[in-house]
Amino acid sequence: MSVDVSFWDRIADEYAAKPVEDPAAFERKIAVTKAALTQTSAVLDVGCGTGSLALRLAADAGQIYGLDVSKEMIRIAEGKAAAAGVANVTFRCGTLEDADFAPESLDVVCAYSLLHLVDDRGATLRTIYRLLKPGGAFISSTVCLGGSLVPYRLILPLMRWLGKAPRVCVLRQARLRDEIAAAGFVDLQAPDVGAKGDIAFLVARKPAAR
């Protein structure tokens, strides 16, 4: 999983200070995510940023792990956890591939605002699948700009060259769904959380053991 580490380190403080773009949709996403948890759930929030989601889930799970490649994002997340007195959230800096989670050790994996930023979504999805327990849930929220009339394939590389944006893959929701299914996930659903049309909020499961 390769992302623009230097970009996220540089904007971490600015990112942390920005309000959630669509608070109502975010609250509905959290409600859907919490519904997949139990008090003993082991949860990984991959691409956790400054820890907002991980900290919101803490009271509803056993152990939350937040993982991000940006050391500055993790610094802010750890500060927020300490200020809130949250004891069951652990933040780690690194990539999903290098993280030391055992296969089939996680009940839920969240990937909010991540899959459009990675170089190899197939590899990322397969790793997530491997880490989930049979029957475990995968919950993702992904920007899908492929259906837009705006020429993002021309605009985004220029913005990245100017240092105003990270590397972003312009993909369609149908392709993302196909990739999730190809990784082995089943029961793919798209709960209506009132998100913008270019946001794909998807819930899927690793098949239960027989």
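Anything mentioned here points back to the structure above.
Rules behind the numbers
Each residue is numbered by its place in its chain's sequence as written, counting from 1. Where totals are concerned, whole chains, interfaces and linings use all residues; where local detail is concerned, this predicted model gives features only for residues with pLDDT of at least 70, and gives and counts side-chain atom pairs only at 80 or more. Processing note: side-chain calculations cover all non-hydrogen atoms of the structure and skip hydrogens and water entirely. Strands here mean DSSP runs of E at least two residues long; helices mean DSSP runs of H or I at least four residues long; both are numbered from the N terminus. Burial classes follow relative accessibility: with a 1.4 Å probe on protein chains only, a residue under 20% of its type's maximum area counts as buried, one over 50% as exposed, and anything between as partly exposed. Values of accessible area rely on a 1.4 Å probe in the Shrake-Rupley scheme; residue burial ignores everything except the protein chains shown. Positive charges come from Lys and Arg, negative ones from Asp and Glu, while His and the chain ends are left out of the count. Note on charges: their place is set at NZ of Lys, CZ of Arg, CG of Asp or CD of Glu. Put simply, a salt bridge is a Lys or Arg side-chain nitrogen that is within 4 Å of an Asp or Glu carboxyl oxygen. By the convention used here, residues are in contact when the closest approach between their heavy atoms is within 4.5 Å. Under the rule applied, a polar contact is a pair of N or O atoms within 3.5 Å (in protein, one hydrogen donor and one hydrogen acceptor; residues adjacent in sequence only if both atoms are side-chain atoms). At least two DSSP bridges between two strands are required for those strands to pair. In this analysis, axes come from line fits to C-alpha atoms, helices being fitted only over the stretch in contact, and the angle between any two N-to-C directions falls in the range 0 to 180 degrees.

A.B. asks: Would you mind going over the overall build of the protein chain in detail, with residue names and values included?
C.D. replies: Counting its regular elements, the protein chain contains 7 helices and 7 strands. For the protein chain, the sequential pattern of α-helices and β-strands runs α-α-β-α-β-α-β-β-α-β-α-α-β-β. C-alpha atoms of the protein chain, sized along the principal axes, occupy 45 × 40 × 35 Å. Counting over 210 residues, the protein chain shows a buried share of 44%. Just so you have it, the protein chain exposes about 10,300 Å², and 54% of that area is on carbon and sulfur atoms. Averaging the positions of the 25 positive and the 24 negative side-chain charges in the protein chain gives two centres separated by 3 Å.

A.B. asks: Break down the pattern of salt bridges for me, with residues and values.
C.D. replies: Applying the stated criterion across every chain yields a total of 14 salt bridges. Put simply, Arg 75 and Glu 72 hold a salt bridge, and the shortest N to O gap is 2.8 Å. Remark: Glu 72 and Arg 75 occur in helix α4 (residues 71-84); sequence separation between them is 3 residues, near one turn of the helix. With relative accessibility at 40%, the residue Arg 75 sits in the partly exposed group. The shortest N-O distance in the salt bridge between Glu 104 and Lys 206 comes to 3.5 Å. Of this pair, Glu 104 sits in the loop between β3 (89-93) and β4 (106-112) while Lys 206 sits in the segment after β7 (199-205), and the two are 102 residues apart along the sequence. Under the relative-accessibility criterion, Lys 206 is labelled buried at 7%.

A.B. asks: Any details on the environment of Lys 29? Residues and values, ideally.
C.D. replies: Along the chain, Lys 29 turns up in helix α2 (residues 23-35). Along the backbone, Lys 29 and Lys 18 are 11 residues apart, and their C-alpha atoms lie at a distance of 19 Å. Once you skip the residues sitting within four places of it in the chain, Lys 29 turns out to touch Tyr 112, Ser 141, Val 193, Ala 195, Ile 199 and Phe 201. Side chain to side chain, Lys 29 and Ser 141 meet in a polar contact 2.8 Å long.

A.B. asks: Got a sec to walk through the sheet that holds β3? Specific residues and values, please.
C.D. replies: Ordered in space as β3-β2-β1-β4-β5-β7-β6, the 7 strands form an open sheet in which the pairing is mixed. Bordering the open sheet on either side are β3 and β6 (186-189), each of which pairs with just one other strand. With direction set aside, neighbouring strand axes in the sheet form an average angle of 15°. Note: strand β1 (residues 42-46) against β4, 3 bridges, orientation parallel. Residue pairing in the sheet places Leu 44 in a bridge with Val 109 of β4. Taken strand by strand, helix α5 (residues 121-131) contacts β1, β4 and β5 (132-143), and its axis lies near 145° from that of β5.

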